[in-house]
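# Examination of the molecular architecture
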Amino acid sequence: MIAQAVKMEDQIHQLAVGDDLEELTWGEPVQRVQALAEKGLQELPSVYIRALSDRPGLDDSLLPDETVPVIDFSGLQEDDRKQETMSDIAKACEEWGFFQLINHGIPLPLIAKTRRVAKQFFDLPIEEKQIYANKPWSLVGYGSRIGVTKGAVLDWGDYFLHYLWPIDKRDVDKEWPKKPASYIETLDEYSREVHKLCSRLMEVFSENLGLRTSYVGEVFGWPDMNLVLRINYYPPCPRPDLTLGVAAHSDGGGLTLLLQDDIGGLQVHKGDRWLSVDPIPNAIVINVADQLQKQHQRPYVI
């Protein structure tokens with residue numbers, strides 16, 4: 001699950017510009033990857049097969065210390081550890097653009113509930129998920145592809161996306177699912193915790209940059225910064241060596257908080273290498289995204 005702080009909301013709601021967005025149509029029928037996987041395919045449909053240079057792979061000659069930094073956020077609460085923790089975050093941002101955050105303050109039972117309702121949504125019959133299908137001009141909703149280009153190579157995965165924050169931007173009646181029954185209550189609670197964590201991280205970034213504590217948050221509209229949730233679902237694949245769950249990319253927002261499951265698969269690009277981000281139970285992967293990057297050069301793959 002991904003929560004992203006974004007400054008430019010048009011990146012989420014609109015995939016094209018102009019006055020005739022609602023006249024856009026899909027270039028070809030939208031196929032749910034989950035439905036394909038449940039058919040028990042033995043071969044991967046050609047539309048998901050990537051060019052040889054874009055297929056999964058890891059550098060097998062890595063040094064032991066070439067791992068994404070792990071930072072204990074509780075160090076900010078202790079006088080004798082605060083400065084070291086601040087420095088560790090600064091170094092991770094400068095050298096990686098990524099770090100794994102432990103003891104981040106989001107209650108672990110809430111994380112478990114959020115994972116559970118996310119899975120329960122994708123366990124629903126396809127016709128119940130289709131109620132929330134996204135439109136060709138928007139990412140918001142239940143989706144399986146980005147854009148309407150005919151013949152594009154597609155990702156092996158489905159997603160569900162909606163706004164978390166600000167509260168008055170949520171369209172709970174239309175965009176938040178009624179099933180599972182606890183989804184709305186759980187995601188409301190989760191969004192408040194994610195908002196608090198994003199706010200605290202932005203304070204740390206501001207201090208590390210020598211700015212007033214509130215500076216970065218204010219740039220992103222705090223306290224009403226846009227937070228968007230994307231839940232990714234990657235079903236079993238008959239040929240995982242030929243495709244990707246999400247193609248290489250950089251995030252267009254300011255800050256991404258990613259909650260992995262225990263299966264893994266996330267890779268980050270550093271220098272000329274792709275490195276695996278091994279899951280740590282209940283840790284959150286922090287990605288300093290495009291709007292906070294000096295240079296847009298750190299894509300990642302899920």
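Check the entry above for the structure.
Residues numbered from 1 in each chain as written. Predicted model: local features only at pLDDT ≥ 70, side-chain atom pairs only at ≥ 80, totals over all residues. Heavy atoms only, no water.

### A look at the nonpolar core
Worth spelling out the cut-off: Side-chain atoms within 4.5 Å link the members of a nonpolar core, which is a set of buried Ala, Val, Leu, Ile, Met, Phe, Trp, Tyr and Cys residues. Whether a residue is buried, partly exposed or exposed follows from its accessible area with a 1.4 Å probe, protein chains only, as a fraction of its type maximum: under 20%, in between, or over 50%, in that order. A run of H or I in DSSP becomes a helix once it reaches four residues, and a run of E becomes a strand once it reaches two; helices and strands are each numbered from the N terminus. By the convention used here, residues are in contact when the closest approach between their heavy atoms is within 4.5 Å.
By size, the foremost hydrophobic cluster in this structure holds 45 residues, and its most contacted members are Phe99 and Leu201. Broken down by secondary-structure element, the contributors of at least two residues to this core are α3 (79-95), β3 (98-102), α4 (108-122), β5 (158-165), α7 (183-208), β6 (226-233), β7 (255-258) and β10 (284-288). When residues in this core are grouped by element, the largest group, ten residues, is from α7. Ignoring any residue separated from it by four or fewer positions in sequence, one finds Leu201 in contact with Phe73, Phe99, Leu101, Leu255 and Ile286. Judged by nonpolar contacts, the second largest core, of nine residues, contains Trp96, Leu258, Leu275 and Val277.

### As for a negative patch on the surface
Rule in force here: Patches here are clusters of residues that have more than 30% relative accessible area and form no salt bridge, with a 9 Å joining cutoff for like charges and a 5 Å cutoff for nonpolar side chains (Val, Leu, Ile, Met, Phe, Trp, Tyr). Here the Shrake-Rupley method, with its probe set to 1.4 Å, supplies the accessible areas, and only the displayed protein chains count as covering residues. In what follows, salt bridge is the name for a side-chain nitrogen of Lys or Arg lying within 4 Å of a carboxyl oxygen of Asp or Glu. Here Asp and Glu are counted as negative and Lys and Arg as positive; His is not counted, and neither are the chain ends. Here the site of a charge means NZ on Lys, CZ on Arg, CG on Asp, or CD on Glu.
Together, Asp79, Asp80, Glu84 and Asp88 give the surface a local cluster of negative charge. Its location among the elements puts Asp79 in helix α3. Residue class for Asp79 comes out exposed when judged on its relative accessible area of 80%.

### Describing α4
What counts is decided by this rule: Multiply 1.5 Å by the residue count of a helix minus one, and that product is the helix's expected span.
Compared with the 21 Å implied by 1.5 Å per residue over 15 residues, the 22 Å span of α4 between its first and last C-alpha is a close match. Close packing links the buried residues of α4 with α2 (33-38), α5 (126-129), β4 (141-143), β5, α7 and β6.

### Some details on the pairing of β5
Both faces of the sheet carry side chains from a regular strand, because those side chains alternate between them. The following threshold applies: Should DSSP find at least two bridges between two strands, the strands are regarded as paired.
Counting buried positions along β5 gives eight out of eight residues, so the element sits mostly inside the fold. As judged from the three bridges shared by β4 and β5, these two strands associate in the antiparallel manner. By the bridge assignment for β5, Gly141 is matched with Leu161. Relative to β6, β5 runs antiparallel, the two being bridged by seven bridges. Considered in β6, the bridge of Leu161 is made with Arg230.

All quantities given are derived from atomic positions and should not be read as evidence of function.
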